[in-house]
Amino acid sequence: MATPKTTIKVALDWTPNTIHSGLFVAKAIGAYEKHGLEVELVSPGPDYNKTPAKRLQDGEVDLAICPSESCIAYQQTGSMQLCAIYAILQRDASAIVSTQFSKIGELGNGKKYGSYNARYEDEVVKAMVKKDGGDPNGMKLERQQGKLSLFQS
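So, here is what we can say about the structure in this document. The model shown is predicted, which means the values in this text are computed figures rather than measured ones.

Basis of the calculations
Residues numbered from 1 in each chain as written. Predicted model: local features only at pLDDT ≥ 70, side-chain atom pairs only at ≥ 80, totals over all residues. Heavy atoms only, no water. Buried < 20%, exposed > 50% of the residue type's maximum accessible area, 1.4 Å probe, protein only. Helix = DSSP H or I, 4+ residues; strand = E, 2+ residues; numbered from the N terminus. Arc of directions from axis to C-beta. Polar contact = N/O pair within 3.5 Å; in protein donor to acceptor, adjacent residues only side chain to side chain. Salt bridge = Lys/Arg side-chain N within 4 Å of Asp/Glu carboxyl O. Core = buried A, V, L, I, M, F, W, Y, C linked by side-chain atoms within 4.5 Å. Contact = heavy atoms within 4.5 Å. Patch = residues over 30% accessible without salt bridge, like charges linked within 9 Å, V, L, I, M, F, W, Y side chains within 5 Å. Areas by Shrake-Rupley, 256 points an atom, 1.4 Å probe, with all protein chains shown as cover. Pairing = 2+ DSSP bridges. Right-handed = clockwise from strand over helix to strand, strands pointing away.

1. Points about helix α5 (residues 121-131)
Then step 1. Considered for burial, the residues of α5 that qualify are Glu 121, Asp 122, Val 125 and Val 129. The arc that holds the buried residues of α5, viewed along the axis, is 95°, so those residues lie on one side. For α5, exposure combined with an orientation more than 90 degrees from the buried face picks out Glu 123, Lys 130 and Lys 131.

See the structure below:
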């Protein structure tokens, strides 16, 4: 008699990419099945209107790939206690990029920063501008309505 499998849904943090390759390879070679697991890798919707942590909170998934900031934010609000159980990368893969200037302090010279509207993002960027010698109050923030609208802007 076959042993019943445990189904686990994992919310990906972005469209499937090389960061997720280990999860997909493990699925392809049957590594999950060897341990009695049926793993479903759930991509964000086309508009990325719900974060992986929110999907976890709403009970749509069992695990979520998300940034450390999500764990901190949910802990602070008291709405859900998240615990990091697995690190996909050894360090954060986030980046702030520009085609017009060479250091982040220059944002303080009236330059525009396109914000994802993440809970801590704007304050972290302002602190980076200040640390680099710029005036964080001189920075213009352009907040996005949705995660993907930043690229359209």
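2. Observations concerning the environment of Asn 17
Then step 1. Relative to the elements of secondary structure, Asn 17 occurs in the loop between β1 (6-11) and α1 (21-28).
Then step 2. The partly exposed category is assigned to Asn 17, whose relative accessible area is 28%.
Then step 3. In sequence terms Asn 17 and Lys 27 are ten residues apart; their C-alpha atoms lie 15 Å from each other.
Then step 4. At 2.9 Å, the side chain of Asn 17 and the backbone oxygen of Thr 15 are in polar contact.

3. So, the pattern of salt bridges
Then step 1. Applying the stated criterion across every chain yields a total of seven salt bridges.
Then step 2. The shortest N-O distance in the salt bridge between Glu 60 and Lys 50 comes to 2.4 Å. Separated by ten residues along the polypeptide, Glu 60 in the loop between α3 (52-57) and β3 (63-64) and Lys 50 in the loop between β2 (37-42) and α3 bring together distant segments of the chain.
Then step 3. Residue Lys 50 is classed as partly exposed on the basis of its relative accessible area of 24%.
Then step 4. The salt bridge involving Lys 54 is made with Asp 58; its shortest N-O contact spans 3.3 Å.
Then step 5. Salt bridges here are not isolated pairs; linked through shared partners, they connect Lys 50, Lys 54, Arg 55, Asp 58 and Glu 60.

4. Concerning the nonpolar core
Then step 1. Core analysis: the largest hydrophobic core is formed by nine residues, namely Ile 8, Val 10, Leu 12, Leu 23, Ala 26, Tyr 32, Val 39, Leu 41 and Ile 65.
Then step 2. Every residue in contact with Leu 23, bar those within four places of it in the chain, is listed here: Leu 12, Tyr 32, Leu 41 and Ile 65.
Then step 3. Among the nonpolar cores identified, the runner-up in size contains six residues, and Ile 104, Leu 107, Tyr 113 and Val 125 belong to it.

5. Observations concerning a nonpolar patch on the surface
Then step 1. Taken together, the side chains of Leu 63, Ile 85 and Tyr 86 define a hydrophobic patch exposed on the protein surface, amounting to about 360 Å² of accessible area.
Then step 2. In this fold, Ile 85 is placed in the loop between α4 (68-77) and β4 (112-115).

6. Quick word on the pairing of β4
Consecutive residues of a regular strand have side chains that alternate between opposite faces of the sheet.
Then step 1. Burial along β4 is one-sided: the residues Tyr 113 and Ser 115 are buried and none of Lys 112 and Gly 114 is.
Then step 2. Pairing between β4 and strand β5 (residues 140-143): four bridges, direction parallel. Bridge pairing in β5 places Gly 114 opposite Glu 142.
Then step 3. In this fold, the crossover linking β4 to β5 by way of α5 has right-handed handedness.

7. Quick notes on the sheet that holds β2
Then step 1. As summarised here, the arrangement of the three strands in space is β2-β1-β3, forming an open sheet in which the pairing is parallel. If you trace the sheet from one side to the other, it starts and ends with β2 and β3, each paired once.
Then step 2. Inspection of the sheet shows β1 paired to β3 by two bridges, in the parallel sense. Counterpart to Val 10 in the pairing with β3 is Leu 63.

8. A few points about the side chain of Ser 70
Then step 1. Mapped onto the fold, Ser 70 is located in helix α4.
Then step 2. For Ser 70, a relative accessible area of 15% translates into the label buried.

Function cannot be inferred from these measures alone, as they are strictly geometric.
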